[in-house]
Amino acid sequence: MNRPVPPAPAPGDRATTSLPRPVAVTSRPLLAVLAVALMIGSDLKVRVRDPTSAVSGQLDAAVLVEIALFAAVAALVIGLYPARLPSPGRITLVQGLTALFVADLLLSAVYSPFPALAAVRMAELLVWAALAVRLGDIGGLPTLHRVAHGYIVAATAAVGVGIAFRRPAVGLEPDRFSWLSVHPVVAASWLGISAVLLLSYLLTGAQPHGGRIWHPNVYLLLFTVHVAALIATHTRGALAGFVAAALTVIAGRVSLRRRAEFLVIGTALVVVTWLIAATPLREYLARGESAARLATLNGRTQLWELSWAPAQDRLWFGMASPPHAGCSSTGPASAGRTTPCRTSWSIRGSSACSST
């Protein structure tokens, strides 16, 4: 039975102007390139600025390059991958959460005691959100695998730079591995994520859509290098996160029988390692810090206690100190100096006297 064909809309009709242009398959790999470029542009630091210049929003060459990169990516995403606003009745969970994320960014930027810095960070996060939405909408699984491999290549290159050009020691960080002027915590975050990705590809095997593009030995070699570099950063939180993520990957990738094998072998290795090298492990985890500082998480618990009392008056939105306020820092690295900080605790988001 033939159905009547609806008339074509007029050229100026909203039905034609709101639809996105078709995206060629060949242009989808560009999304992966843009994602890796933003990762490098966000975290690659070639200089260390004093806290006052950082939080006041003063511009320098590195900041201008970073802003230009985000602006170029935003222009490409909007120009090459236009999106269509969904109707109110067809908003997905991801789209709704993205809208809430944008609203929270706007509120945070307005409420921040450092508006210039907050505005720039808000704009950068909006670019990231737009790119992530387009990756999910049109990129597909192959593009996500390209992003993962591009990230692994960038992390491997960073390790090579860190080995070839040793960064100067800062405070209590003389033996912590990193590259250029990137903080060891940021370097450890990169290495932890890349190591988890490599482990996942190692356990993929010959599964369809597994995403492996290199020989398994390449993944094994890079996994060993990245884990060794992660250990060399002496970053306890990143190591703990890597272990938790690695266990999750193993539980999801292997069969139930092999999970039991991994559990038995892993438990035996942990026990034997602790019995053989308990003292070096304690020294590694202590990182030269006293027991008193470790008990307070390097003074964080004390700051949380100080922040909790005044925050009771404004529990929902928190309390932010003015930009000129400071909090006393103690320890060999700070020598009792006062650094600019912001004290805020709220249900919407908590941060206690975070040194900037």
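Check the entry above for the structure.
Caption draft 1: Expanded view of the overall build of the protein. Across its full length, the protein carries 13 helices and three strands. Within the protein, buried positions represent 31% of all 356 residues. Considering only intrachain contacts with a sequence separation of at least 6, the fraction spanning at least 24 residues in the protein is 65%.

Caption draft 2: Highlighting the packing of aromatic side chains. Counted according to the given criterion, the structure contains five aromatic pairs. Judged by centre distance (5.5 Å) and plane angle (40°), the rings of Tyr-201 and Tyr-219 are tilted. With Tyr-201 in helix 7 (residues 184-204) and Tyr-219 in helix 8 (residues 216-232), the pair connects residues that are 18 residues apart, well separated along the chain. Each member of the pair, Tyr-201 as well as Tyr-219, is classed as buried. Put simply, the rings of Tyr-201, Trp-214 and Tyr-219 pair up and form one aromatic cluster.

Caption draft 3: Highlighting the nonpolar core. In this structure, Leu-131, Trp-179, Trp-190, Leu-199, Phe-223, Leu-230 and Phe-242 are the most contacted members of the largest nonpolar core, which totals 50 residues. Of all the secondary structure elements, the ones that give two or more residues to this core are helix 2 (29-43), helix 4 (61-80), helix 6 (115-164), helix 7, helix 8 and helix 9 (236-253). Considering every element that reaches this core, the biggest residue donor is helix 6, with 12 residues.

Caption draft 4: Structural detail: the packing of helix 7 against helix 9. Two elements in contact, helix 7 and helix 9, have axes separated by 9 Å at closest approach and are oriented at 15°. As far as their axial angle goes, helix 9 and helix 7 are roughly parallel. Classified by chirality, the crossing of helix 9 by helix 7 is right-handed. Across from Ala-188, Ser-189, Gly-192, Ala-195, Val-196, Leu-199, Ser-200, Leu-203 and Thr-204 in helix 7, the residues of helix 9 making contact are Ala-238, Phe-242, Ala-245, Ala-246, Val-249, Ile-250 and Arg-253. Residue classes in the contact of helix 7 with helix 9 are distributed as 11 nonpolar, four polar and one charged.

Caption draft 5: Up close: the pattern of salt bridges. Using the criterion set out here, one finds three salt bridges in the structure. The shortest N-O distance in the salt bridge between Lys-45 and Glu-66 comes to 3.6 Å. Of this pair, Lys-45 sits in the loop between helix 2 and helix 3 (51-56) while Glu-66 sits in helix 4, and the two are 21 residues apart along the sequence. Put simply, Glu-124 and Arg-121 hold a salt bridge, and the shortest N to O gap is 2.7 Å. Placement of both Glu-124 and Arg-121 in helix 6 is noted, with a separation of three residues, approximately one turn of the helix. A residue is classified by how much of its surface remains accessible, and Glu-124, at 9% relative accessible area, is buried. Judged by relative accessible area, Arg-121 falls into the partly exposed class, the value being 38%. Beyond isolated ion pairs, a larger network of salt bridges with shared partners links Lys-45, Glu-66, Arg-121 and Glu-124.

Caption draft 6: Summary view of a nonpolar patch on the surface. Together, Val-271, Val-272, Trp-274, Leu-275 and Ile-276 line one region of the surface with nonpolar side chains, adding up to about 530 Å² of accessible area. Considering the arrangement of structural elements, one finds Ile-276 in helix 10 (residues 256-276).

Caption draft 7: Quick look at unusual backbone geometry. A positive phi angle is found at Leu-180, which is not glycine, with a value near 50°. Within the fold, Leu-180 resides in the loop between helix 6 and helix 7. By relative accessible area, Leu-180 is classed as partly exposed at 34%. In this structure, His-234 is a non-glycine residue whose phi angle is positive, near 55°.

Caption draft 8: Here's a closer look at the packing of helix 8 against helix 9. Between helix 8 and helix 9, whose axes approach to 9 Å, the crossing angle comes to 145°. Here Phe-223, Val-227, Leu-230 and Ile-231 of helix 8 lie close against helix 9, whose contacting residues are Ala-238, Leu-239 and Phe-242. Along the lines of polarity and charge, the residues of the contact of helix 8 with helix 9 split into seven nonpolar, no polar and no charged.

Caption draft 9: Geometry of the side chain of Arg-176. With respect to the helices and strands, Arg-176 occurs in the loop between helix 6 and helix 7. On the basis of relative accessible area, Arg-176 is assigned to the buried category, the value being 7%. Within the structure, Arg-176 has its side chain in polar contact with the backbone oxygen of Thr-233 (distance 2.9 Å). Within the local environment of Arg-176, its side chain forms a polar contact with the side chain of Thr-235, the two groups lying 3.0 Å apart.

Caption draft 10: Examining the environment of Leu-125 more closely. Positionally, Leu-125 belongs in helix 6. According to the relative accessible area criterion, Leu-125 is partly exposed, its value standing at 37%. C-alpha of Leu-125 to C-alpha of Phe-70: the two residues are 55 residues apart in sequence and 9.6 Å apart in space.

Thresholds applied
Counting restarts for each chain: residues are numbered from 1 in the order of the written sequence. Residue-level local features of this predicted model are given only where pLDDT is at least 70; pairs of side-chain atoms are given and counted only at 80 or more, and the full residue set underlies all totals for whole chains, interfaces and linings. Only hydrogens and water are set aside; all other atoms, that is, all heavy atoms of the structure, feed into the side-chain values. Every helix listed is a DSSP run of H or I at least four residues long, and every strand listed is a run of E at least two residues long, numbered separately from the N terminus. A 1.4 Å probe rolled over the protein chains alone gives each residue an accessible area, and that area as a share of the maximum for its type sets the label: buried under 20%, exposed over 50%, partly exposed in between. We call two residues contacting when some pair of their heavy atoms lies within 4.5 Å. Classification of ring pairs rests on two measures: the distance between centres of Phe, Tyr or Trp rings, Trp counted by its six-membered ring, which must be within 6.5 Å, and the angle between planes, read as stacked under 30 degrees, edge-to-face over 60 and tilted in between. Nonpolar core, defined: a set of buried Ala, Val, Leu, Ile, Met, Phe, Trp, Tyr and Cys residues in which side-chain atoms within 4.5 Å join the residues together. Here an axis means a line fitted to C-alpha atoms, over the contact stretch when the element is a helix, while the angle between two N-to-C directions is reported on a 0 to 180 degree scale. Roughly parallel covers angles under 35 degrees, roughly antiparallel covers those over 145, roughly perpendicular covers 65 to 115, and oblique covers all other angles. Whether a crossing is left-handed or right-handed is set by the direction in which the near helix is turned from the far one by less than a right angle, anticlockwise for left-handed and clockwise for right-handed. Residues are grouped as follows: Ala, Val, Leu, Ile, Met, Phe, Trp, Tyr, Cys and Pro are nonpolar; Asp, Glu, Lys and Arg are charged; every other residue, Gly included, is polar. Salt bridges are identified by distance alone: a Lys or Arg side-chain nitrogen within 4 Å of an Asp or Glu carboxyl oxygen. Excluding any residue in a salt bridge, patches collect residues exceeding 30% relative accessible area, merging like charges within 9 Å and nonpolar Val, Leu, Ile, Met, Phe, Trp and Tyr side chains within 5 Å. In these tables, accessible area is a Shrake-Rupley quantity obtained with a 1.4 Å probe, and a residue counts as shielded only by the protein chains included in the view. Definition of a polar contact: a pair of N or O atoms within 3.5 Å, with one able to donate and the other able to accept a hydrogen when the atoms are protein atoms, and with sequence-neighbouring residues admitted only if both atoms are side-chain atoms.

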